[in-house]
Amino acid sequence: MGQGEADSPPAAEKKGAEEEEDDFGYRLFPDRNKKPQSFLFRSLFTFHNKCQLMLRLTLETNPYAQLLLEALKQSGCTVFNDRHFSCENCDGCVSGGFDAATSQIVLCQNNIRRQSHMNRVVTHELIHAFDHCRAHVDWFKNVKHLACSEIRAANLSGDCTLMNEIARFKFGLKGHHQTCVRDRAIRSILAVRKVSKETAEKAVDEVFDACFNDLEPFGRIPHSKADAKRAYRDFQNRDRYTANL
């Protein structure tokens, strides 16, 4: 698995974790290795139905997601609901993931219970998809590449808004947003890679400034839904201006 949004801190690392065979986080998404079930079979389960309904609402109404979908389309990577999203059961420590091998976003139907959570997870994973589309990201072998995308996802998806941090009982003054982004990027790496905390921290710190300041395609850090709406409007207007040159 390329990368995912971690819900809770990963279990304590074992000594010599970096020497273990890395499964790239696929252990957290067991349904990835199962034969796809029929639509009729899946439709009988409330989790799957609710996940599909919340996903549709996010894609149709959430400005974060709408901007990213438009940016992906303009970059030559049009996203289709049935092809690029999959509601599945996952390990309890993750809410979603981007499977770079299939260019598919996995949404953890057993862990996403609220629409606001779905909005944030879809946005987080669409940022990974956007990075996958626009850059030659080596998700599986280069931990710095993974770190960069995790920094961007935490920074731009709303993961670290003041309200979300207050809900986690984590809030501070100057520089707290950057601290939140760093911490969540490190945690996401540890959830999907068998590396030490020191390795994850080193990778994040080495690329932090460049990746934190890479605000594409938003052009700003959208701290709220209103910010995201303005960013989406500016993105659309930017394209109209370019088309008229």
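Residues numbered from 1 in each chain as written. Predicted model: local features only at pLDDT ≥ 70, side-chain atom pairs only at ≥ 80, totals over all residues. Heavy atoms only, no water.

J.: So, the pattern of salt bridges: which residues are in play, and what are the values?
T.: Side chains that differ in charge, positive against negative, can pair when their charged atoms come close. In the structure shown here, the tally under the stated rule is eleven salt bridges. Between Asp214 and Arg134 there is a salt bridge, with its nearest N and O atoms 2.4 Å apart. Taken as a pair, Asp214 in the loop between helix 9 (197-212) and helix 10 (225-243) and Arg134 in helix 5 (residues 115-134) lie far apart in primary sequence, 80 residues in all. Arg134 sits in the partly exposed class, given a relative accessible area of 36%. Residue Asp205 is joined to Arg182 by a salt bridge in which the shortest nitrogen-to-oxygen separation is 2.7 Å. Of this pair, Asp205 sits in helix 9 while Arg182 sits in helix 8 (residues 176-192); the two residues are 23 residues apart in sequence, bridging distant segments of the chain. Relative accessible area serves as the criterion here: at 41%, Asp205 is assigned to the partly exposed category. With a relative accessible area of 25%, Arg182 lands in the partly exposed category. (Salt bridge = Lys/Arg side-chain N within 4 Å of Asp/Glu carboxyl O. Helix = DSSP H or I, 4+ residues; strand = E, 2+ residues; numbered from the N terminus. Buried < 20%, exposed > 50% of the residue type's maximum accessible area, 1.4 Å probe, protein only.)

J.: So what about the state of the cysteines? Which residues, and what values?
T.: Applying the stated rule across the entire model yields five disulfides. Disulfide pairing places Cys51 opposite Cys87 at an S-S distance of 2.0 Å. Between Cys51 and Cys87, the disulfide has an S-S torsion of -80° and is therefore left-handed. Here Cys87 lies in strand 2 (residues 85-88) and Cys51 lies in helix 2 (residues 46-61), a separation of 36 residues in the sequence. What makes Cys87 buried here is its relative accessible area of 7%. Disulfide pairing places Cys77 opposite Cys133 at an S-S distance of 2.1 Å. Its S-S torsion of approximately 90° makes the covalent link between Cys77 and Cys133 right-handed. (Disulfide = S-S within 2.5 Å.)

J.: Please set out the packing of aromatic side chains residue by residue, giving values where relevant.
T.: Here the structure, examined in full by the defined rule, presents three aromatic pairs. Relative to Phe212, the ring of Phe208 has its centre 5.3 Å away and its plane inclined at 20°; by these criteria the two rings are stacked. One end of the pair, Phe208, and the other, Phe212, are both in helix 9, four residues apart, so they sit about a helical turn from each other. This pair shows no difference in class: Phe208 is buried, exactly as Phe212 is. (Phe/Tyr/Trp six-rings, centres within 6.5 Å; stacked < 30°, edge-to-face > 60°.)

J.: Any chance you could break down helix 2 for me, citing the residues and the numbers?
T.: Taking 1.5 Å of rise per residue, the 16 residues of helix 2 would be expected to cover 22 Å, and the 22 Å separating its terminal C-alpha atoms lies within 8% of that figure. Taken together, the buried positions of helix 2 are His48, Cys51, Met54, Leu55, Thr58 and Leu59. Mapping the buried residues of helix 2 onto a view down its axis gives an arc of 135°, with all of them on the same face. Set apart from the buried face of helix 2 by more than 90 degrees, the exposed residues are Thr46, Leu53 and Glu60. (Expected span 1.5 Å × (residues − 1). Arc of directions from axis to C-beta.)

J.: Quick one: what's the story with the packing of helix 3 (residues 63-74) against helix 5, residue by residue and with numbers?
T.: If you want to describe how two helices pack, look at the angle between their axes and the distance between the axes. Close contact between helix 3 and helix 5 brings their axes to 10 Å; oriented N to C, the two are set at 15°. Overall, the two elements helix 3 and helix 5 adopt an arrangement that is roughly parallel. Here the hand of the crossing between helix 3 and helix 5 comes out left-handed. The residues of helix 5 that touch helix 3, namely those facing Tyr64, Ala65, Leu68, Leu69, Ala71 and Leu72, are Val122, Thr123, Leu126, Ile127, Ala129, Phe130 and Cys133. (Axes fitted to C-alpha atoms, helices over the stretch in contact; angles between N-to-C directions. Parallel < 35°, antiparallel > 145°, perpendicular 65-115°, else oblique. Left-handed = near helix turned anticlockwise from the far one by under 90°. Contact = heavy atoms within 4.5 Å.)

J.: Talk me through the nonpolar core; I want residue IDs and the actual numbers.
T.: With 64 residues, the main nonpolar core has Phe85, Leu107, Val122, Leu126, Ile151, Val204 and Phe218 as its most contacted residues. Ignoring sequence-local partners within four residues, the contact set of Phe218 consists of Tyr64, Leu67, Leu68, Ile127, Leu156 and Ala231. (Core = buried A, V, L, I, M, F, W, Y, C linked by side-chain atoms within 4.5 Å.)

J.: Any details on the environment of Leu72? Residues and values, ideally.
T.: Relative to the elements of secondary structure, Leu72 occurs in helix 3. For the pair Leu72 and Cys133, spaced 61 residues apart in sequence, the C-alpha to C-alpha distance is 7.2 Å. In this structure, Leu72 is in contact with Cys77, Thr78, Val79, Leu126, Ala129, Phe130 and Cys133, ignoring residues within four places of it in sequence.

J.: Now, about unusual backbone geometry: what can you tell me, with residues and values included?
T.: Put simply, Glu216 and Pro217 share a cis peptide bond, and its omega is 0°. Structurally, the position occupied by Pro217 is in the loop between helix 9 and helix 10. A positive phi angle, close to 55°, is found at Ser103, a residue other than glycine. In this fold, Ser103 is placed in the loop between strand 3 (94-99) and strand 4 (104-108). Owing to a relative accessible area of 27%, Ser103 belongs among the partly exposed residues under this scheme.

None of this, on its own, says anything about what the molecule does.
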